[in-house]
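Chain residues, written in single-letter form:
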Amino acid sequence: MNLKHVFSLVLLTTYTISCHGIFRFANYIQDHMVLQRSPKRSIIWGYSDTNSDVTLELGNQIYKTRSELYSVNKFDENIWSITLDPQPDGGPNQINVHQTLQNGTILTITLNDVYFGDVWICSGQSNMQMTVRDIFNGSIEIANANKYPKIRLFTAALKPSATPVEELLGIEQNWSIPSSDSVGGPSWSYISAVCWLYGRMIHEELGGIPIGLIVSSWGGTAIELWMPPQALHDCGISTNEIISLESYDKPLKLHDTLNSSNLFNAMIYPFTRMTIYGSIWYQGESNSDYNRDKYTCTFSKMIQSWREIWHKRTNTINDIQFPFGFVQLSTNTNNSRKVGGFPWIRWHQTFDIGYVPNNIVSNIFMAVTLDLRDDSNNIHPRTKHDVAYRLSRSGLAVAYNYSIEFQGPIVSNVNVSSDRERIYVTYTAVKDIIFRNLNGFEICCQGIICETNDNIWIPTSISDKSDLTIILRIRNACTGKSIYGLRYLWHETPCPYKQAAMYSITDTNLPSPPFIKIF
């Protein structure tokens, strides 16, 4: 063999070795990220050769492990994973990870400017995907973004998968420090407005602890796309169903149909190796006319399955009841008479109770937003500051145990007088009720047909109040008849901007949620 052939063989061997199990972090483990603070334990993971020695250094803390024996992808990469001891909030930190090769060579990869704080996943469809530059007063948020260097931002790319994948198939926005560029990035691509505002508001209320915000959302998507197969099966839904994406006047990108579980597989599952504090969710529009009556099941099963899978894949580190917040559907068209499917999705989002937290699914919180209409923007109201304020208040109360008012008036009891001339509705959760008008209630007295015919419900108004009990007069066609049902704000777009009938008197930005009562 001549010298030229020997040199070629050496090059080929070197190239082969360097491409086999390259030593690296998982693609969303990056500089500038936030890892979960104590009392939870963060997980850092990546890829290397088979059964390799891996050492992590964080300050004077040293952790050792070995990579797994079996490769997990077509590149023959093997996963290594290290669980840190609980870390106090703060930073910046530098994390060095070393791999020792068989010949004694040490390879080092490094994470810089890492903070420990609380990590939140923000998911859903277009109202979660909607970016800061597209909302009211977005320019103010963009201009002030650099005042919050301890909030860190990350956005996953819109990539589906037929099977669960270990790491993201694409990244739209790498971990970033807030700036006019990172917060004010391209429409429908960079940081979500609701996610940013929620994170900023809890960051300020929590005394400035670092907050990591991970956005993984896709406009026009039904909940079935975000559910693992077993959760779909539990709700009697096929795992092979092809689902159309709704455009809502926003151009579709890449796909106009997807299969069930595609987005769970590619945009949620990769993060389930990561320790998080909680998740917020803004979705439901695409289910207002698709599997609407199954939404109580699909929503509860999605939450349950996410929690269980995160708990399992973090080796029980992640809380199996981690906090989960959601935005109750807002409005759509400027037709205040239309009922449609939105009221039912709002109701099913509360697991048919009318409010959260409740005993059906634990550790849940929400923002009521049906009074935040924005007619010129239809299904994408730009009133996201109010959305985030209400969600952050409930998040602070439920997820962080703050003693603050976070709900509007909540129905606790409904009774019809014996003479069938009055309905008494008693509320709780507030010190008192402030009225902006006396409307929004409807009654029906035509039996079971009330459940299928919205046109026979009759408006009624508040006639009196005693403490936290309001009194509705039964008049017109229902006088003296048996009342079949009572409902409140049961329309797609039920009232003008911030003109629902009832709000908390101590926090007038907290409206009473919609409800329905079948007697």
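Residues numbered from 1 in each chain as written. Predicted model: local features only at pLDDT ≥ 70, side-chain atom pairs only at ≥ 80, totals over all residues. Heavy atoms only, no water.

Peer 1: Which residues make up the packing of aromatic side chains, and what are the values?
Peer 2: Going through the model one piece at a time under the given rule, you end up with 29 aromatic pairs. Between Tyr28 and Trp45 the ring centres are 6.1 Å apart and the planes differ by 70°, which places this aromatic pair in the edge-to-face class. You can see Tyr28 sitting in the loop between β1 (24-25) and β2 (34-36) and its partner Trp45 sitting in strand β3 (residues 43-48), a full 17 residues away along the chain. The same class applies to Tyr28 and to Trp45, which are both buried. Here the aromatic rings of Tyr148 and Trp196 are separated by 6.0 Å at their centres, their planes lie at 80°, and the arrangement is edge-to-face. Taken together, the residues span a long stretch of sequence, with Tyr148 in the loop between α3 (138-144) and β9 (151-156) and Trp196 in helix α5 (residues 193-205) at a distance of 48 residues. Residue Tyr148 is classed as buried on the basis of its relative accessible area of 14%. For Trp196, a relative accessible area of 0% gives the class buried. (Phe/Tyr/Trp six-rings, centres within 6.5 Å; stacked < 30°, edge-to-face > 60°. Helix = DSSP H or I, 4+ residues; strand = E, 2+ residues; numbered from the N terminus. Buried < 20%, exposed > 50% of the residue type's maximum accessible area, 1.4 Å probe, protein only.)

Peer 1: With reference to specific residues and values, describe α5.
Peer 2: Two residues of an α-helix separated by three or four positions point the same way, owing to the 3.6 residues in each turn. Taking 1.5 Å of rise per residue, 13 residues should cover 18 Å, and α5 covers 18 Å from first to last C-alpha, within 8% of that figure. Of all 13 residues in α5, 11 are buried; the element is thus mostly enclosed. Every buried residue belonging to α5 is among Ala193, Val194, Cys195, Trp196, Leu197, Tyr198, Gly199, Arg200, Met201, Ile202 and His203, and all of these are buried. With a side-chain oxygen lying 3.3 Å from the backbone nitrogen of Val194, the N-terminal cap of α5 falls on Ser192. Once α5 ends, the next one or two residues include Gly207, with phi positive near 80°. (Expected span 1.5 Å × (residues − 1). Polar contact = N/O pair within 3.5 Å; in protein donor to acceptor, adjacent residues only side chain to side chain.)

Peer 1: I'd like a description of the sheet that holds strand β23 (residues 469-473), backed by residues and values.
Peer 2: Taken in spatial order, the 4 strands line up as β17-β18-β23-β22 in an open sheet, and their pairing is antiparallel. The two strands at the open ends of the sheet, each matched to only one other strand, are β17 (410-416) and β22 (462-466). With strand direction ignored, the average angle separating the axes of adjacent strands in the sheet is 25°. With 4 bridges connecting them, β22 and β23 associate as antiparallel partners. Within the sheet, the bridge partner assigned to Ser466 lies in β23 and is Thr469. (Pairing = 2+ DSSP bridges. Axes fitted to C-alpha atoms, helices over the stretch in contact; angles between N-to-C directions.)

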